[in-house]
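# Descriptive analysis of the structure
Here's the letter readout for the chains.
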Amino acid sequence: MGPTAGAFYLAGGGAALAVVLGSPFPVAATRLELGGLAVTALLAGALLLLRGYVLPRWAFHVVAGTGTLLITLAVPKCPTLATALAMSAVYLFVAVDVVFFFTWRESAAHLSVLTAAGAWALCDRPGMTPGVAVSLVVLLVVIAGVVGLLVHEAADAARDGLTGLANRRGFDDALDAALAVAARTGAPLSTALLDVDHFKRVNDQHGHAAGDELLRAVGEEYRHALPPGAVLARYGGDEFAVLLPGLPGPRALELVDGLRAAGTRAALSCGVAELSPGESGAELMRRADSALYAAKAAGRGRARLLDDTSAVLARDLADALAAGDVRAWFQPIVDPADGEVLGVEALARWTHPVRGPVPPLEFVHVAESTGLVHELGPAVLADACRGALEVRRAWGRELVLTVNVSGRELTNPDYPQRVLEVLAETGFPASSLVLEVTESVVDASGQAALDALRELRSHGIGVAIDDFGTGYSAFSRLDTLPADYLKLDAGFTAGITTSPRRAGMLEALLSLSATLGLRVVAEGVETAEQARLLTEMGCPLAQGWLFSRPVPPWQLAERGRTGDRTPQRTGAA
């Protein structure tokens with residue numbers, strides 16, 4: 001709006017200046033007055049071009065009204081009827097400006113004032129006839145109307161038909177404009193993604209009409225709650241996007257979280273990201289989407305911001321992935337009766353050149369929050385497959401390889417194909433690979449995760465439900481989840497020697513799992529008593545520090561070459 005109005009002011013000022021320089025004036029004072037108006041318009045145009053972006057939207061009504069006033073003052077100063085009519089044509093700039101940026105009602109108000117002002121400015125000119133005045137008004141209104149129709153038709157392509165908000169195309173256009181301003185001025189810029197929690201439940205229980213009404217209500221509520229200059233859009237489905245020019249990440253998080261907490265229409269999960277230097281709009285929105293995913297994974301109904309520390313660590317992680325510095329270490333999966341190694345779980349390890357070893361929970365969280373998990377997952381899988389092949393050759397027999405999978409990966413439509421490509425590149429057999437997912441990840445990722453797991457199982461790849469026994473875990477779910485292995489959480493395993501009920505639950509679970517064809521792996525085994533009790537109950541597989549800590553693949557391969565097939569028991573640490 002600022003640059004457009006500025007360009008029109010410069011054009012109008014230039015037209016007035018042309019009249020001043022190219023026409024004879026009977027009265028010199030009139031030339032000076034018109035020249036002053038021309039210079040005023042030129043200065044205003046320059047200011048609008050340079051600083052118009054800082055003005056709030058309402059201020060442009062003043063800008064348009066001032067333009068009408070300047071033209072109305074200039075027309076009577078023109079020395080001839082021809083120059084007066086030429087100057088009256090500048091009204092067209094104001095007319096086009098208002099229909100371009102204002103609603104039909106606002107535009108009609110401006111046009112009414114504009115035509116009345118033009119009629120007044122020309123009414124007492126010698127030689128001015130009613131026919132000429134009417135022709136001028138008709139020409140002005142028709143051109144403005146046609147431009148307005150074209151503009152509003154084009155705007156509809158960028159507007160969501162259900163909520164009346166900008167759609168994804170409209171939001172992307174606004175984001176591109178905001179990025180240009182931020183690059184020019186250095187002003188902060190943040191974006192947020194808002195997702196309606198459990199929206200599918202509304203559609204399923206009350207019908208799509210109720211879902212549509214909810215989306216309209218949410219859009220209307222937040223449209224009025226956002227500050228001036230913010231852009232609210234329906235980004236797709238039940239997801240809304242907010243553009244917040246001038247706000248740094250922490251303030252944007254505070255604003256969005258306040259709106260979320262005060263909302264009355266629906267519970268929302270929100271992800272916020274602040275623009276980093278040199279970042280594209282697509283990268284910014286990807287980080288906002290990752291923050292939204294983190295908010296949903298943390299339990300929904302909350303807001304999350306990707307902070308600067310995560311952004312720095314993410315850049316270092318990206319460099320490490322490109323250099324192949326993120327490696328897969330192995331923790332053996334054994335028979336608890338004798339410690340014989342039957343498989344290995346791959347665990348990602350990264351040694352930062354400055355910080356040293358980075359805790360996996362930290363860099364995996366950063367990867368999931370920034371979208372780097374789509375590079376981290378395949379890199380760790382490929383390294384694990386190569387390491388497992390080395391261990392298998394050294395031990396001279398097959399070993400199962402289990403690899404953890406992020407919910408972000410599972411919801412990527414390309415994930416199954418990526419896994420198959422890694423297996424083809426490394427030569428690792430699909431029948432010996434097991435992908436570990438948590439029950440909560442499957443629930444949070446929805447049908448897309450289930451479809452991906454079923455497709456992978458159709459290629460012979462196994463699936464393990466990890467951390468079973470924590471949070472919400474129900475025996476009834478075992479019949480519906482596409483799984484081949486069940487991995488008991490370490491906290492569950494720790495209680496079997498002290499809680500008779502926990503031991504009884506484990507016996508029941510082992511019996512049920514055997515009936516369902518699931519193999520149980522007890523994680524976190526740290527004492528010989530736990531191993532003995534697991535053996536007595538018939539638990540087929542176990543892992544933990546009692547048997548071995550995670551080690552690089554070459555160490556495990558060396559044990560195979562030297563004939564040490566059962567890792568020494570290390571005990572708890």
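Quick summary incoming for the structure in this document. In this text, all values refer to a predicted model and were calculated from it rather than measured experimentally.

Each helix and strand counted, the chain has 23 helices and 14 strands in total. For 573 residues, the compact-globule estimate of 2.2 N^0.38 gives 25 Å, and the C-alpha radius of gyration of the chain, at 34 Å, exceeds that figure by more than 25%. Taking the principal axes of its C-alpha atoms as reference, the chain extends roughly 115 × 50 × 40 Å. Relative to all contacts within the chain whose residues are 6 or more apart in sequence, the contacts with residues 24 or more apart total 69%. Only carbon and sulfur atoms are counted for the fraction: they give 59% of the accessible area of the chain, which is about 26,300 Å².

For the rest of this paragraph, the subject is the packing of helix 3 (residues 59–74) against helix 6 (residues 104–122). Orientation of helix 3 relative to helix 6, taken along the N-to-C sense of each, is 15°, at an axis distance of 9 Å. Comparing their axes, helix 6 and helix 3 come out roughly parallel. The element helix 3 and its partner helix 6 pack so that their crossing is right-handed. Contacts from H61, A64, G65, T68 and T72 of helix 3 reach helix 6 at E106, H110, L114, A117, W120 and A121. Taken together, the residues of the contact of helix 3 with helix 6 sort by class into five nonpolar, five polar and one charged.

Here the structure, examined in full by the defined rule, presents two cavities of 30 Å³ or more. Its boundaries defined by the atoms lining it, the largest cavity holds a volume of some 230 Å³. Lining the largest cavity are 20 residues, with Y9, G12, G67, I71 and V90 positioned closest to its centre. Partitioning the lining of the largest cavity into residue classes produces 16 nonpolar, three polar and one charged.

Any two side chains of opposite charge can pair, on the condition that their charged atoms come close. Evaluation of the coordinates by the stated rule reveals 13 salt bridges. Note that E523 and K487 form a salt bridge whose closest N and O atoms lie 3.4 Å from each other. With E523 in the loop between strand 13 (519–522) and helix 22 (528–537) and K487 in strand 12 (residues 485–488), the pair connects residues that are 36 residues apart, well separated along the chain. A single burial state applies to E523 and to K487, both of which are buried. Residues joined by salt bridges that share partners form a network here, namely E345, E436, K487 and E523.

On to the sheet that holds strand 1 (residues 189–196). The strand order 2-3-1-4-5 describes an open sheet built from five strands, whose pairing is mixed. Single-partner strands in this sheet number two, and they are strand 2 (231–236) and strand 5 (303–305). Adjacent strand axes in the sheet meet at a mean angle of 20° when their direction is disregarded. Where strand 4 (residues 268–274) meets strand 5, three bridges bridge the pair, whose relative direction is parallel. Bridged to C270 within strand 5 is A303. Contacting strand 1, strand 2, strand 3 (239–245) and strand 4, helix 10 (residues 208–225) crosses the sheet at an angle of about 160° to strand 2.

This next bit is on the packing of aromatic side chains. With the rule as written, the count across this model stands at three aromatic pairs. Taking 5.3 Å as the distance between ring centres and 5° as the angle between the ring planes, the aromatic pair formed by F8 and F93 counts as stacked. Of this pair, F8 sits in helix 1 (residues 2–22) while F93 is found in helix 5 (residues 91–101), placing the two residues 85 residues apart along the sequence. Residue classification places F8 among the partly exposed residues on the basis of a relative accessible area of 23%.

For D325, the location among the structural elements is in the loop between helix 13 (308–323) and strand 6 (326–334). Each C-alpha atom, one on D325 and one on G164, is 49 Å from the other, the two residues being 161 residues apart in sequence. When sequence neighbours within four positions are dropped, the list of residues in contact with D325 reads A320, R349 and W350.

This part is about the environment of T68. Tracing the backbone through its elements, the reader meets T68 in helix 3. C-alpha separation for the pair T68 and F93, spaced 25 residues apart in sequence, amounts to 9.5 Å. The residues contacting T68, other than those within four sequence positions of it, are Y91, V94, L114 and A117.

In this structure, V326, F330, L401 and L433 are the most contacted members of the largest nonpolar core, which totals 78 residues. Ranked by residue count, the leading element in this core is helix 15 (residues 373–395), at 12 residues. Ranked by size, the runner-up nonpolar core spans 37 residues in total, among them A41, V94, V99 and F101.

Inspection of the secondary structure puts S107 in helix 6. A distance of 3.0 Å separates a polar side-chain atom of S107 from the backbone oxygen of V98. Here S107 is in contact with V98, V99 and F102, once residues within four sequence places are set aside.

Now for the pairing of strand 12. Of the two faces of strand 12, the one lined by Y485 and K487 and the one lined by L486 and L488 are each fully buried. Bridge analysis of strand 12 against strand 13 gives four bridges, and the strand direction is parallel. Paired with L486 across the two strands is V520, which belongs to strand 13.

Reading the values: the criteria
Residues numbered from 1 in each chain as written. Predicted model: local features only at pLDDT ≥ 70, side-chain atom pairs only at ≥ 80, totals over all residues. Heavy atoms only, no water. Helix = DSSP H or I, 4+ residues; strand = E, 2+ residues; numbered from the N terminus. Rg over C-alpha atoms; globule rule 2.2 N^0.38 Å. Contact = heavy atoms within 4.5 Å. Areas by Shrake-Rupley, 256 points an atom, 1.4 Å probe, with all protein chains shown as cover. Axes fitted to C-alpha atoms, helices over the stretch in contact; angles between N-to-C directions. Parallel < 35°, antiparallel > 145°, perpendicular 65-115°, else oblique. Left-handed = near helix turned anticlockwise from the far one by under 90°. Nonpolar A, V, L, I, M, F, W, Y, C, P; charged D, E, K, R; others polar. 1 Å grid on protein atoms, 1.4 Å probe; cavity = no way out; pocket = protein on both sides within 12 Å on 5 of 7 lines; lining within 4 Å. Points joined across faces, edges and corners; volume = space filled by probe spheres on them. Salt bridge = Lys/Arg side-chain N within 4 Å of Asp/Glu carboxyl O. Buried < 20%, exposed > 50% of the residue type's maximum accessible area, 1.4 Å probe, protein only. Pairing = 2+ DSSP bridges. Phe/Tyr/Trp six-rings, centres within 6.5 Å; stacked < 30°, edge-to-face > 60°. Core = buried A, V, L, I, M, F, W, Y, C linked by side-chain atoms within 4.5 Å. Polar contact = N/O pair within 3.5 Å; in protein donor to acceptor, adjacent residues only side chain to side chain.

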